[in-house]
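These are the residues of each chain, in order.
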Amino acid sequence: MAEHTFTVESSEPSGEIQRRELPVLPVRDTVLFPHAVLPLTVGRESSVQLINSLGEDKTIIVVAQREARVDAPQPTDLFTVGTLATVHKVVKMPNQSLFVFAEGMERVHMREYTQLQPYMRAHIETIPEPANIKTPEMEALQRNVLTLFQQIVSGSPTLSDELATVATNIEDPGRLVDFVASSLPSLSTRGKQEILETSDIKVRLDRINQHLAKEVEVQQLRNKIQTEVQDRVQQTQREYYLREQMKAIQKELGEADEGQKDVEDLRAKIEAAGMPEDVKKEAMKELNRLQRMSPMAADYSVTRNYIEWLAVLPWAKSSGGEVDIPKAKEILDADHYDLEKVKDRILDYLSVRRLKPDMKGPILCFVGPPGVGKTSLGKSIARSLGRKFVRLSLGGVHDEAEIRGHRRTYIGALPGQIIQGIRRAETNDPVFMLDEIDKVGRDFRGDPAAALLEALDPEQNATFRDNYLDVPFDLSKVLFITTANMLDPIPEPLRDRMEIIDLQGYTEDEKVHIAFRYLIPRQTQENGVTNEQIEIPEESVRHIIRHYTREAGVRNLERNIGTICRKQARRIAEGKTDKLVVTREVVQEFLGGIKIRVDTEIAERTERPGVAVGLAWTPAGGDVLFIEANKMKGKGGFKVTGQVKEVMHESMEAALTWVRSNAVQLGIGDEVFQQNDIHVHVPAGAIPKDGPSAGITIATALISLLTDRPVKPLLAMTGEITLSGHVLPIGGVKEKFLAAKRANVKDVIFPADNKMNVDEDLTKEQLEGVTIHYVRHVRDVIDVALPSSAREERRDEQVREKVIAGDPVAAA
């Protein structure tokens, strides 16, 4: 067998040493210290051969591997310091491996490897143990090591108490360090090897001391964690035992525990709720599941809340009772003035319901400007029907779950607002008002308007399914009323499900009636003023309506009346207790100067040719619209200003085309269009304007300008124009007529096809004082709007001067 020699450099000085050649046993994850007996498992073939080759001399070198994963280690894979050891006993194992008991003798340096096969042999040099020189520092380190080691042994469940006793009996500090290092399972192989390679006893003590201090800290932390866990477990067990004992005591006393009592209460509520059979089956299934659950379970409260919601809903509870129709009419008339269409529709519904009690509730949509009483009308309807009233404002709602609820899997889930409203009403047939349905938003969380489709469809809402309840609930008996200022933002499918009822604005006379019947009594009461302390004559109310408000409803009117009442309350508080009669001068003192000059505005602005008054529909009702035309030297240009949108712009072009094509009949020369530029402006330039209904107004303004004839005073008009001069019907007839009446207009021009709308929507009282002219062609408009002779012009001028001067007989 060839011998190979490998030289391994050592960092230790040689000194006085003994050289010997001995077999080398590489070991994994193990460091043998001098004076320590260690059981070694020998499994590698080379190592088994080494043990078997030992004769009388049982001395070997035990060296740790640098990497435990290496199966066939070479000299470079081994540490340079090992331990001289004596093999005391060898036991053969069934799997052909050997169990060897070796005792460490002394530290040795590996010098030259003289043999690699079948096992390694090497020259070694012994490392003499330094002399034990006692110093106070060494003594302190040794005692500290001993104390820490005893502390670790006492706190460790795996270390025997005998180790502490053995350590106490070791006086030599070097041997103590070796013993402690070999006994600690937490010390890594590399850490143990560092201590084995350290010959200086002081350094060795210092290193083992640091490791022991760290180990004590880890052990204390582990004990703290273990104690906390144990305390928690004990507390849980204690609660469980106490709960079981309580159950046993309650059983002996014949009392049910809280959980059982809760379940029985819910069971009684389910039985009394009058649920449909399929819903009751679902509720009972959840109740049985709740009965099997521990009250400490995470799902307990979720399931209990769900059953509670099912049990408290009014499945079979309705307002019931026959409705007295004359009494219902009396209540509606007492609460609201006019609004005949709405009242008739409600009374029709009541009449049908008397004949067919199981009829489905209608879905009504009140559309009208702000302040005409849409929301308060819902409360009045509920009162007349003898039903509960629930209101849900949809303004700004943009989450579909607000309508249909969240699924039960979400934390804090609840049913949607419709089911919550039904629960608050405590009946299954309330009057349910969905306010501001035209202001519903939509975003990534869904479209609430689409979620309303099912609830507001009489064919579907008998099986309305909320996401939280997940069982059908019958909404067919609910009277849904929605309100909106405009129909345009409401999606077409939703609009199709509702019966639209228009609530137009009020005339001046209607506002006066409303003020004396509702507004003045309410404001005097709210501000602590009595009828003996303040009097507001009709003339003053009309003055406020004309000059301080321009609205379809009565909100601003009520606000101004409230201001006057507060001013009187302040006078009384300051000691002026005399009765206040509110005259025009008092109104001006309390409310400031006149805000709106409706009496004279039209007459003043139509003084010059080229100005005509149109009528416009707005979400707040109707309004008058001035169209101004002017000409200047130019080359036939046509300019439009005043934030005019596309449809209205096209109406202007159509009107100009008709005027130019009929210039000869109108007495306008061709050179006028060739030598002049025409500019049409619609004042209130900050407000966008659109729509075709100003067609005849634009044509009249152009003809007035080009024929130099001012439009008659106190006249307004509306109608769409075609290129052939025909006048087409328009919408918003009532709103436009009321706007004209508010502006003190005495003559109104409407398309002939709108006569039916006038007859339906306007009462005799509303039409009083205003002459309506129905036209089919632009020529009819010109005949009414422009003076046909100098005599008529003079008469118009006299009327205009009287209006501007404030003469009350100006309209004669």
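Note that the structure is predicted; figures quoted are calculated from it, not measured. (Residues numbered from 1 in each chain as written. Predicted model: local features only at pLDDT ≥ 70, side-chain atom pairs only at ≥ 80, totals over all residues. Heavy atoms only, no water.)

1. Concerning the overall build of the chain
Turning to step 1, where the next piece is worked out: Along its length, the chain carries 30 helices and 25 strands.
Turning to step 2, where the next piece is worked out: At 52 Å, the chain has a C-alpha radius of gyration far larger than the 28 Å of a compact globule built from 812 residues.
Turning to step 3, where the next piece is worked out: Within the chain, residue pairs in contact and separated by at least 24 positions form 73% of the contacts whose partners lie at least 6 positions apart.
Turning to step 4, where the next piece is worked out: In the form shown here, the chain has an accessible surface area of approximately 41100 Å², with 49% of it arising from carbon and sulfur atoms.
Turning to step 5, where the next piece is worked out: Averaging the positions of the 107 positive and the 124 negative side-chain charges in the chain gives two centres separated by 3 Å. (Helix = DSSP H or I, 4+ residues; strand = E, 2+ residues; numbered from the N terminus. Rg over C-alpha atoms; globule rule 2.2 N^0.38 Å. Contact = heavy atoms within 4.5 Å. Areas by Shrake-Rupley, 256 points an atom, 1.4 Å probe, with all protein chains shown as cover. Lys, Arg positive; Asp, Glu negative; His and termini not counted. Charge placed at Lys NZ, Arg CZ, Asp CG, Glu CD.)

2. Describing the sheet that holds strand 13 (residues 479-484)
Turning to step 1, where the next piece is worked out: Strand order in this open sheet of five strands is 9-10-13-8-14, and the pairing throughout is parallel. Since the sheet does not close on itself, it has two edges, and those belong to strand 9 (389-393) and strand 14 (499-502), each with one partner. Along the sheet, successive strands turn relative to each other by an average axial angle of 20°, direction set aside.
Turning to step 2, where the next piece is worked out: For strand 8 (residues 363-367) and strand 14, the ladder comprises four bridges, and the chain directions are parallel. Paired with Leu-364 across the strands is Glu-499, a residue of strand 14.
Turning to step 3, where the next piece is worked out: Against the sheet, helix 12 (residues 374-385) makes contact with strand 8, strand 9, strand 10 (431-435) and strand 13, and its axis sits at roughly 175° relative to strand 10, the strand it touches most. (Pairing = 2+ DSSP bridges. Axes fitted to C-alpha atoms, helices over the stretch in contact; angles between N-to-C directions.)

3. Comments concerning the nonpolar core
Turning to step 1, where the next piece is worked out: The biggest cluster of nonpolar side chains holds 51 residues, and the ones touching the most others in it are Leu-310, Trp-315, Phe-432, Ile-437, Leu-452, Leu-456 and Leu-475.
Turning to step 2, where the next piece is worked out: Contacts of Leu-452, omitting those with residues within four sequence positions, involve Leu-394, Ile-403, Ile-418, Leu-434, Ile-437 and Leu-494.
Turning to step 3, where the next piece is worked out: Judged by nonpolar contacts, the second largest core, of 49 residues, contains Val-342, Ala-382, Val-529 and Ile-564. (Core = buried A, V, L, I, M, F, W, Y, C linked by side-chain atoms within 4.5 Å. Buried < 20%, exposed > 50% of the residue type's maximum accessible area, 1.4 Å probe, protein only.)

4. A look at the packing of helix 10 (residues 325-335) against helix 11 (residues 340-355)
Turning to step 1, where the next piece is worked out: Two numbers describe how helix 10 lies on helix 11: the axes approach to 10 Å, and their chain directions differ by 160°. Viewed along their axes, helix 10 and helix 11 adopt a mutual orientation that is roughly antiparallel. The two elements helix 10 and helix 11 meet at a crossing, and its hand is right-handed. Mapping the contact onto sequence places Ile-325, Ala-328, Lys-329, Leu-332 and Asp-333 in helix 10 and Lys-343, Ile-346, Leu-347, Leu-350, Ser-351 and Arg-354 in helix 11.
Turning to step 2, where the next piece is worked out: Class assignment for the residues of the contact of helix 10 with helix 11 results in six nonpolar, one polar and four charged. (Parallel < 35°, antiparallel > 145°, perpendicular 65-115°, else oblique. Left-handed = near helix turned anticlockwise from the far one by under 90°. Nonpolar A, V, L, I, M, F, W, Y, C, P; charged D, E, K, R; others polar.)

5. Regarding helix 9 (residues 300-312)
Turning to step 1, where the next piece is worked out: Here helix 9 spans 18 Å end to end across 13 residues, near enough to the 18 Å set by a 1.5 Å rise per residue.
Turning to step 2, where the next piece is worked out: Of all the residues in helix 9, the buried ones are Tyr-300, Thr-303, Tyr-306, Ile-307, Glu-308, Trp-309, Leu-310 and Ala-311. (Expected span 1.5 Å × (residues − 1).)

6. Notes on the side chain of Gln-523
Turning to step 1, where the next piece is worked out: Inspection of the secondary structure puts Gln-523 in helix 17 (residues 508-526).
Turning to step 2, where the next piece is worked out: Among all residues touching Gln-523, those that are not within four sequence positions of it are Glu-558, Ile-561, Gly-562 and Cys-565.

7. A closer look at the pattern of salt bridges
Turning to step 1, where the next piece is worked out: Counting across every chain of the model gives 32 salt bridges.
Turning to step 2, where the next piece is worked out: Between Glu-535 and Lys-579 there is a salt bridge, with its nearest N and O atoms 3.5 Å apart. A residue pair is termed long-range when its members are at least 10 positions apart, and Glu-535 in strand 15 (residues 534-535) and Lys-579 in the loop between helix 19 (555-573) and strand 16 (580-581) qualify at 44 residues.
Turning to step 3, where the next piece is worked out: Relative accessible area serves as the criterion here: at 41%, Lys-579 is assigned to the partly exposed category. (Salt bridge = Lys/Arg side-chain N within 4 Å of Asp/Glu carboxyl O.)

8. Some details on the pairing of strand 4 (residues 59-64)
Turning to step 1, where the next piece is worked out: Of all six residues in strand 4, six are buried; the element is thus mostly enclosed.
Turning to step 2, where the next piece is worked out: Alternating residues of strand 4 divide into Thr-59, Ile-61 and Val-63 and Ile-60, Val-62 and Ala-64, and every residue in both groups is buried.
Turning to step 3, where the next piece is worked out: Of the pairings in the sheet, the one linking strand 2 (residues 19-27) to strand 4 comprises four bridges and is parallel in character. Note on strand 4: the bridge partner recorded for Val-24 is Ile-61.
Turning to step 4, where the next piece is worked out: Bridge analysis of strand 4 against strand 5 (residues 81-92) gives four bridges, and the strand direction is antiparallel. Note on strand 5: the bridge partner recorded for Thr-59 is Thr-86.

9. A few points about the confidence of the model for the chain
Turning to step 1, where the next piece is worked out: With 94% of its residues at a pLDDT of 70 or more, the chain has an overall mean of 82.
Turning to step 2, where the next piece is worked out: Predicted confidence for residues 1-17 stays below pLDDT 50, and this span has 33 contacts to residues more than four positions away or in other chains.
Turning to step 3, where the next piece is worked out: Note that pLDDT drops below 50 for residues 807-812; the model gives that stretch five contacts with residues more than four away or on any other chain. (pLDDT = per-residue confidence, 0-100.)

10. Quick word on the packing of aromatic side chains
Turning to step 1, where the next piece is worked out: Throughout the structure, instances matching the rule amount to four aromatic pairs.
Turning to step 2, where the next piece is worked out: Between Phe-99 and Phe-101, the aromatic rings sit 5.3 Å apart at their centres with planes inclined by 90°, giving edge-to-face as the arrangement.
Turning to step 3, where the next piece is worked out: Note on Phe-99: relative accessible area 26%, which makes it partly exposed.
Turning to step 4, where the next piece is worked out: On the accessibility criterion, Phe-101 (28% relative accessible area) is partly exposed. (Phe/Tyr/Trp six-rings, centres within 6.5 Å; stacked < 30°, edge-to-face > 60°.)

11. Section: a negative patch on the surface
Turning to step 1, where the next piece is worked out: A cluster of acidic residues, Glu-646, Glu-650, Glu-653 and Asp-690, forms a negative patch on the protein surface.
Turning to step 2, where the next piece is worked out: By the element assignment, Asp-690 lies in the loop between strand 20 (676-681) and helix 25 (695-707). (Patch = residues over 30% accessible without salt bridge, like charges linked within 9 Å, V, L, I, M, F, W, Y side chains within 5 Å.)

12. Side note on the environment of Ile-782
Turning to step 1, where the next piece is worked out: Take Ile-782: it is sitting in helix 29 (residues 778-785).
Turning to step 2, where the next piece is worked out: Given the relative accessible area of 8%, Ile-782 is considered buried.

13. Observations regarding the pairing of strand 24 (residues 747-751)
It is a general feature of regular strands that their side chains alternate between the two faces of the sheet.
Turning to step 1, where the next piece is worked out: Taken across its five residues, strand 24 has four buried, putting it largely inside the fold.
Turning to step 2, where the next piece is worked out: Bridge count between strand 21 (residues 715-717) and strand 24: three bridges; the pairing is parallel. Residue Ala-716 lies in a different strand from strand 24, and its bridge partner there is Val-748.
Turning to step 3, where the next piece is worked out: Strand direction decides the pairing type here: strand 24 and strand 25 (residues 771-775), joined by five bridges, are parallel. By the bridge assignment, Ile-749 is partnered in strand 25 with His-773.

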